[in-house]
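Residue-level structure breakdown
The chain contents come next:
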Amino acid sequence: MRRADGLFEPMCSFAALLAAARRAARGKKRRPEVARLLWNIEPEILALQAELSTGVWRPGPSRRFVIHDPKEREITAAPFRDRVVHHAVCTAVGPVLER
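About the cut-offs
Residues numbered from 1 in each chain as written. Predicted model: local features only at pLDDT ≥ 70, side-chain atom pairs only at ≥ 80, totals over all residues. Heavy atoms only, no water. Helix = DSSP H or I, 4+ residues; strand = E, 2+ residues; numbered from the N terminus. Buried < 20%, exposed > 50% of the residue type's maximum accessible area, 1.4 Å probe, protein only. Lys, Arg positive; Asp, Glu negative; His and termini not counted. Salt bridge = Lys/Arg side-chain N within 4 Å of Asp/Glu carboxyl O. Contact = heavy atoms within 4.5 Å. Expected span 1.5 Å × (residues − 1). Bend = angle between axes of the 7 residues up to and from the residue. Axes fitted to C-alpha atoms, helices over the stretch in contact; angles between N-to-C directions. Parallel < 35°, antiparallel > 145°, perpendicular 65-115°, else oblique. Left-handed = near helix turned anticlockwise from the far one by under 90°. Nonpolar A, V, L, I, M, F, W, Y, C, P; charged D, E, K, R; others polar.

1. A short note on the side chain of Asp82
- Relative to the elements of secondary structure, Asp82 occurs in helix 5 (residues 80-98).
- No salt bridge forms around the buried Asp82; measuring N to O, its nearest opposite-charge neighbour Arg81 is 6.0 Å away.
- For Asp82, the residues in contact, after removing those within four places along its chain, are Trp57, Arg58, Pro59 and Gly60.

Below, the structure is given as structure tokens:
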């Protein structure tokens, strides 16, 4: 089994988190939660970066809602801040997993 070391620090960089926030916001910029983070993007990304690098970041509570397309389904959505982390992780780990 092969190891891929050194993925966490680049993932927690300001540039990587900023790019992840922009990717996560695609098509959702008018939603209140997304607009709030984008309005103060630099302090939010710096706070998220500090939480990740110190190990205190914890996922927030998920939001549940029901859609009716074409049948009734329950959807669970992560908070936008968590989606930024998801995008950053996928960008860092994706190339390693695709090999």
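Still more to cover.
2. Overview of helix 5
- An ideal rise of 1.5 Å per residue puts 27 Å on 19 residues; helix 5 measures up with 26 Å between its terminal C-alpha atoms.
- The largest bend in helix 5 comes to about 35 degrees, at Ala92, with the proline Pro95 one to four residues further on.
- For helix 5, the full list of buried residues reads Phe80, Asp82, Val84, Val85, Ala88, Ala92 and Gly94.

3. Concerning the pattern of salt bridges
- Inspection of the entire model under this criterion finds 3 salt bridges.
- The salt bridge partner of Arg81 is Glu44, with a shortest N-O separation of 3.9 Å. Residue Arg81 is found in helix 5, and its partner Glu44 is found in helix 4 (residues 41-54); the two are separated by 37 residues along the sequence.
- On the accessibility criterion, Arg81 (23% relative accessible area) is partly exposed.
- Glu44 sits in the partly exposed class, given a relative accessible area of 28%.
- Of the charged contacts in the structure, one is a salt bridge between Arg81 and Glu51, with a shortest N-O distance of 3.1 Å. In this pair, Arg81 is assigned in helix 5 and Glu51 in helix 4, connecting sequence segments 30 residues apart.
- One continuous salt-bridge network, built from bridges that share partners, spans Glu44, Glu51 and Arg81.

4. Brief notes about the packing of helix 2 (residues 14-25) against helix 5
- Closest axis-to-axis distance for the helix 2/helix 5 pair is 8 Å, and the angle between their directions is 115 degrees. Of the possible angle classes, the one that applies to helix 2 and helix 5 is roughly perpendicular. As for the relative orientation of helix 2 and helix 5, their crossing is right-handed in sense. Where helix 2 abuts helix 5, its residues Leu17, Ala20, Ala21, Arg23, Ala24 and Ala25 lie against Phe80, Arg83, Val84, His87, Ala88 and Thr91.
- Residue composition of the contact of helix 2 with helix 5, grouped by class: 8 nonpolar, 2 polar and 2 charged.

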